[in-house]
Amino acid sequence: MDNNKTTFEKLTLDLSHHIRINKGFLVWMGFLTVALCVCLYAYGLQLKQGLGVAGIRDYVSWGIYLSNFVFFVASSLIGMLISAVLGLIGVKWITPLVRIAETIAVAFAAVAGLVIISDMGRPERLAYVFIYGRVQSPILWDVTVVTTYLVLSILLLFLPMIADIAILRKKAQLLPAWLRPIYNVLSLNYADTPEQNRIIHRSIRTLSIILIPAALSIHTVTSWLFAFTTRPGWDSTIFGPYFVSGAFVAGCAAVIIAMYFFRSSYKLQDYIQDLHFDRMGKVLVLMCLIYLYFNINEYLVPAFKLKKADALHLHELFSGGEALMFWLVQLGGLVLPIILLIFSWFRRPLPMMLISIAVIVGAWFKRYLIVIPTQEHPFLPIQHVPANFMVYSPTLVESLITIAPFILVLMIITIISKFFPVIPIYETAKERGIEPFNSDK
Amino acid sequence: MEDHSTHGPNHDDGKDKGSSRRDFLKNLGLVGVGAATGAAALYSGHIFEAKKEASGQSKILLTQDGKLVEVDSLEIKARSKSGLDLLQSHGREGIPGKRWVMVIDLSHCRNARQCVSACQDAHHLKPEQYHMNTLQMKDSPDTAPYHMPKNCQHCDNPPCVAVCPVDATYKRPDGIVLIDNERCIGCRFCMAACPYSARIFNWLTPKDAEKDKDLVYNVELNVPQKLGTISKCLFSADRCREGKLPYCVSACPNGVYYFGDENEDAVTNGTTKETVRLSKLLRDNGGYQLMAELGTKPRVYYLPPKNRLFPFEEAKDNQPEKV
């Protein structure tokens, strides 16, 4: 029993020692705040002068704001893959990764809503969506499912955390003084009773099951914003699964990057082990292969037929103005990572992190390639308009407004991970055969 | 457990604090109500004084049913709000019994672009903003080029209306697709959905924003144009209401446009003012719709560019198209 106690003490300390405000945190958050202020100034300009401060015009009317929105919704889907799908199957090694995945899901889903507001011509009329909303419009569906998914994700982040909060609340000396009252409230008087555990366990299970259709919905509906039009490049029946599979690629990469930095900056090497990187690497390869399969379908099928409008679009991607970006994204962001990650040498923390950065950058530009080139080639020719109507190029202000959501995501992830245990203490203790609430008896 | 023992006394403390907080709130409420009442009394007194000073003057006005009435000038209120309401409800209802339809005879078009400028003048548009644009078309390498005026097709199955999240763009019973820019949130889903690129957006301050700022918004004209909202061809719904032909139709010097009512099976040429049977015109001249295969059911018909009256000349002001 004594042994039990000391291992638990060490475990708790290991997983909670980062919970404090230190210099690194202040410098990092200060940097993010300053950067955010610059971006907010850019948004102020847009509010004052109109959406025209961005490079979007009448033909390419959805630019990087919208492709960024797609990217954010995509990245948030990882919560469903890790905590719902793998969790319900009963995969054990995900224990230290579940909270990281849920944190990423919450951060990206929460900010996705803001991204779409930055793309509105009249953001002050946002409430009209609720007052005058037409249920027939996919935008209404999107608003509904993104909100639902966000609520589910917050609950799935919070419920498994209650036990940890209760553990740390009892060991108040591990927490900064200002955080203790917050922990007191959030612990909800959890005391590891069978009744409480039954409720939490059941809730988590139910939420995990509901989360799967909700997550599929958010990205399928997002893909329908495009697939419900008749435009070449968007008029596709596989856009739903194509987007969902792409989302898992981006999300896996995000989780791997987060694992790497949490592991080194919070000293979690004993908990996020090389084994976890290896396994996540395999998951990433699987997701990339599925996405590659959908890519082949999405491009080869119209390329074989070469209908007039499709031909123009595909020519632009394969060998025209967008060719460089297209091949960098497809080869550098998808094919090469698959080839490299097949070898176990690359499935170690540092190479994995670097590959994941390539994958996530590729994923962002992939959304650009889905959203923008289609609009540069409408059915009817673009004539009698200035040159900047014909070719889209994002402006500086637009780029800053696009960076802002990333800063917000980093802030949310930093705050959640800094003030709560990144790795579940309760679950980890249980898995190691320690009774977390009886350890001091 | 240890938590319980510390809870007891704390609980009582909380109660005391709670009751003193309630008292404080109660007092604050009383002060607030008193201040509001005082302010209201002062304000109504001020209104009353202002009224007394200006009274004694009257104006003679003509009512809607044609009577002359004398009204104290204090009683006269600007009707701009209700004017807007009237325009908005008219704009939603449409013109009863009509099914507006347009026919564009491509064999007559020589790219005079007077339809374009008349339209831009009427709707206060910038030079690069088109409700009506004339495109230089060439369907394949071996076929002849031709000029094609292109506007909103006022589809009977409009993809733009289907996707609008707030019912800002809508289909009227008389066939016209309109945009309510008091409602539009500027999401531009309709622009993405339209296969005819018929829609434009006010990206920056509209052309006559300063001049038009006191105008009551007319949904049937879409003037004043509003920043951050959509605009497009309206079949000149305001002119239809007055029994006149649309701006572009009247402006054409070459007899390209016919406009009329499908229910009456009659369309009138804007240049010659000749009225012909719609069904006969389409039958005799091989009338067709633009991209009918998309199932949009356009209300604009085209007559093919055969036996052209004018040789094709490349438009001078046209920008080279991006290859």
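I will try to describe carefully the structure that is included in this document. (Residues numbered from 1 in each chain as written. Chains lettered and ligands numbered in written order. Predicted model: local features only at pLDDT ≥ 70, side-chain atom pairs only at ≥ 80, totals over all residues. Heavy atoms only, no water.)

Things to note about the overall build of chain A
Under the convention used in this document: Helix numbers and strand numbers start at the N terminus; a helix is a DSSP run of H or I with at least 4 residues, a strand a run of E with at least 2. For a compact globule the rule gives 2.2 Å times the number of residues to the power 0.38, and the radius of gyration it is set against comes from C-alpha atoms. Working definition: with a 1.4 Å probe on protein chains only, accessible area under 20% of the residue-type maximum means buried, over 50% means exposed, and in between means partly exposed. Whether two residues are in contact is decided by their heavy atoms: any pair within 4.5 Å suffices. In this tally, Lys and Arg are treated as positive and Asp and Glu as negative; His is ignored, and so are the chain termini. Note that the charge is assigned to NZ on lysines, CZ on arginines, CG on aspartates and CD on glutamates.
Looking only at helices and strands, one finds 18 helices and zero strands in chain A. For 441 residues, the compact-globule estimate of 2.2 N^0.38 gives 22 Å, and the C-alpha radius of gyration of chain A, at 23 Å, lies within 12% of that figure. Counting only C-alpha atoms and orienting by the principal axes, one finds that chain A spans roughly 80 × 50 × 40 Å. Considering chain A as a whole, with its 441 residues, one finds that 57% of them fall into the buried category. A separation of at least 24 residues holds for 83% of the contacts in chain A among residues at least 6 apart in sequence. Looking at charge distribution, chain A has the averaged site of its 34 positive side-chain charges lying 3 Å from that of its 25 negative ones.

Quick look at the side chain of R199 of chain B
Here is the rule: When a carboxyl oxygen of Asp or Glu is within 4 Å of a side-chain nitrogen of Lys or Arg, the pair counts as a salt bridge.
Note on placement: R199 of chain B falls in the loop between helix 5 (189-193) and strand 8 (200-201). For the buried R199 of chain B, no salt bridge is present, and the opposite-charge side chain at shortest range is D167 of chain B, 10 Å distant. Ignoring anything within four residues of it in the chain, the contact list for R199 of chain B reads D58 of chain A together with C160, T169, V177, I179, C190, M191, I230, S231 and K232 of chain B.

Considerations on the packing of aromatic side chains
The cut-off we apply is this: Put simply, two rings from Phe, Tyr or Trp (the six-membered ring, in Trp's case) pair if the centres are within 6.5 Å, and we call them stacked under 30 degrees between planes, edge-to-face over 60, tilted for the rest.
Throughout the structure, instances matching the rule amount to 38 aromatic pairs over all chains. With a centroid separation of 5.1 Å and 90° between ring planes, the pair formed by F235 of chain B and F259 of chain B is classed as edge-to-face. A residue pair is termed long-range when its members are at least 10 positions apart, and F235 of chain B in the loop between strand 9 (230-231) and helix 6 (237-241) and F259 of chain B in strand 10 (residues 257-261) qualify at 24 residues. Across the pair, exposure class does not vary: F235 of chain B and F259 of chain B are buried alike. Within the aromatic cluster, the residues linked to one another by ring pairs are W62, F226, W234, F239, Y242, F243 and Y291 of chain A together with F189 of chain B.

Topic: helix 5 (residues 95-117) of chain A
Helical geometry note: an α-helix holds 3.6 residues per turn, so side chains three or four residues apart project in the same direction. Defined as follows: Multiply 1.5 Å by the residue count of a helix minus one, and that product is the helix's expected span.
Given a rise of 1.5 Å per residue, 23 residues ought to cover 33 Å, and the 35 Å separating the end C-alpha atoms of helix 5 of chain A matches this to within 8%. Burial runs high along helix 5 of chain A: 17 of the 23 residues are buried.

Quick word on the packing of helix 4 (residues 78-89) of chain A against helix 5 of chain A
Residue and element names in this part refer to chain A. We apply this condition: Only the contacting stretch of a helix is used when fitting its axis, a line to C-alpha atoms as for every element, and angles between N-to-C directions run 0 to 180 degrees. An angle below 35 degrees is treated as roughly parallel, one above 145 as roughly antiparallel, one from 65 to 115 as roughly perpendicular, and anything else as oblique. By convention the crossing between two helices is left-handed if the near helix lies anticlockwise of the far one by an angle smaller than a right angle, and right-handed if it lies clockwise. Classes in brief: Ala, Val, Leu, Ile, Met, Phe, Trp, Tyr, Cys and Pro nonpolar; Asp, Glu, Lys and Arg charged; the others, Gly included, polar.
At their nearest, the axes of helix 4 and helix 5 sit 8 Å apart, and the two run at 150° to each other. Taken together, the axes of helix 4 and helix 5 are roughly antiparallel relative to one another. Viewed along their axes, helix 4 and helix 5 form a crossing whose handedness is left-handed. On helix 5, the residues touching I78, G79, I82 and S83 of helix 4 are L97, V98, A101, E102, I104 and A105. Classifying every residue of the contact of helix 4 with helix 5 gives seven nonpolar, two polar and one charged.

Things to note about the sheet that holds strand 12 (residues 275-277) of chain B
Paired through backbone hydrogen bonds, the strands of a sheet run either parallel or antiparallel to each other. Residue and element names in this part refer to chain B. Rules: Think of it this way: DSSP has to see at least two bridges between two strands before they count as a pair.
Read across the sheet, five strands follow the order 12-11-10-3-13 without closing on themselves; strand pairing throughout is mixed. Because the sheet does not close on itself, it has two edges, and the strands there are strand 12 and strand 13 (300-303). Each strand axis lies, on average, 25° off the axis of its neighbour in the sheet, ignoring direction. Pairing of strand 3 (residues 100-105) with strand 10 involves five bridges; the strand directions are antiparallel. Within the sheet, the bridge partner assigned to V101 lies in strand 10 and is G260. Taken strand by strand, helix 8 (residues 278-285) contacts strand 3, strand 10, strand 11 (266-269), strand 12 and strand 13, and its axis lies near 70° from that of strand 12.

Overview of the interface of chain B and chain A
The condition is simple: Buried area is a sum: the accessible area each of two parts loses on coming together, probed at 1.4 Å, counted once for each and added. Think of a polar contact as two N or O atoms within 3.5 Å of one another; within protein, one of them needs to be a possible hydrogen donor and the other a possible acceptor, and neighboring residues in sequence only count if both atoms come from side chains.
Taken residue by residue, the interface counts 57 residues in chain B and 49 residues in chain A. Approximately 4,400 Å² of surface area, both sides summed, lies buried where chain B meets chain A, with 57% of it carried by carbon and sulfur atoms. At the junction of chain B with chain A, the criterion picks out one salt bridge. In this structure, R188 of chain B engages D119 of chain A in a salt bridge whose closest nitrogen and oxygen atoms are separated by 2.6 Å. Across the chain B-chain A interface, the total number found is 26 residue pairs in polar contact (both at pLDDT 80 or more).

Observations regarding the side chain of S417 of chain A
All names here are of chain A. If you trace the backbone, S417 turns up in helix 17 (residues 396-419). In this structure the side chain of S417 is engaged in a polar contact, spanning 3.0 Å, whose partner is the side chain of Y266. With residues up to four places along the chain from it excluded, the contact list for S417 reads H18, F262, Y266 and V422.

Here's the deal with unusual backbone geometry
In this structure, the amide linkage connecting V223 of chain B to the following residue, P224 of chain B, adopts the cis form with an omega of -5°. Tracing the backbone shows P224 of chain B in the loop between strand 8 and strand 9. With phi around 60°, H384 of chain A is a residue other than glycine that occupies positive phi space. Its place among the elements puts H384 of chain A in the loop between helix 15 (349-376) and helix 16 (387-390). Since its relative accessible area comes to 5%, H384 of chain A is described here as buried. Although it is not a glycine, M291 of chain B sits at a positive phi angle of roughly 50°. Looking at the secondary structure, you find M291 of chain B in the loop between helix 8 and strand 13.

Here's the deal with the pattern of salt bridges
Residues and elements named next belong to chain B. Applying the stated rule across the entire model yields 27 salt bridges over all chains. Across the pair R299 and D156 runs a salt bridge whose closest N-O atoms are separated by 2.9 Å. Of this pair, R299 sits in the loop between helix 8 and strand 13 while D156 sits in the loop between strand 5 (146-150) and helix 4 (159-163), and the two are 143 residues apart along the sequence. What makes R299 buried here is its relative accessible area of 2%. Classification of D156 as partly exposed rests on a relative accessible area of 33%. Measuring nitrogen to oxygen at the nearest pair gives 3.9 Å for the salt bridge that ties K211 to D208.

Considering helix 12 (residues 274-305) of chain A
For helix 12 of chain A, built from 32 residues, the straight-helix expectation of 46 Å at 1.5 Å per residue is met to within 8% by its first-to-last C-alpha distance of 47 Å. Downstream of helix 12 of chain A by a residue or two, L306 of chain A has a phi angle that is positive, lying close to 50°.

Examining the pairing of strand 10 of chain B
Remember that side chains alternate between the two faces of the sheet whenever the strand is regular. Residues and elements named next belong to chain B. Strand 10 sits mainly inside the fold: five of its five residues count as buried. Residues of strand 10 alternate between two faces, with Y257, F259 and D261 on one and Y258 and G260 on the opposite face, all of them buried. Sheet topology note: the strand 10/strand 11 ladder contains four bridges and is antiparallel. When the sheet's bridge partners are listed, F259 is paired in strand 11 with T268. A loop of four residues connects strand 10 with strand 11, the two strands running antiparallel in sequence, and D265 in this loop sits at a positive phi of about 55°.

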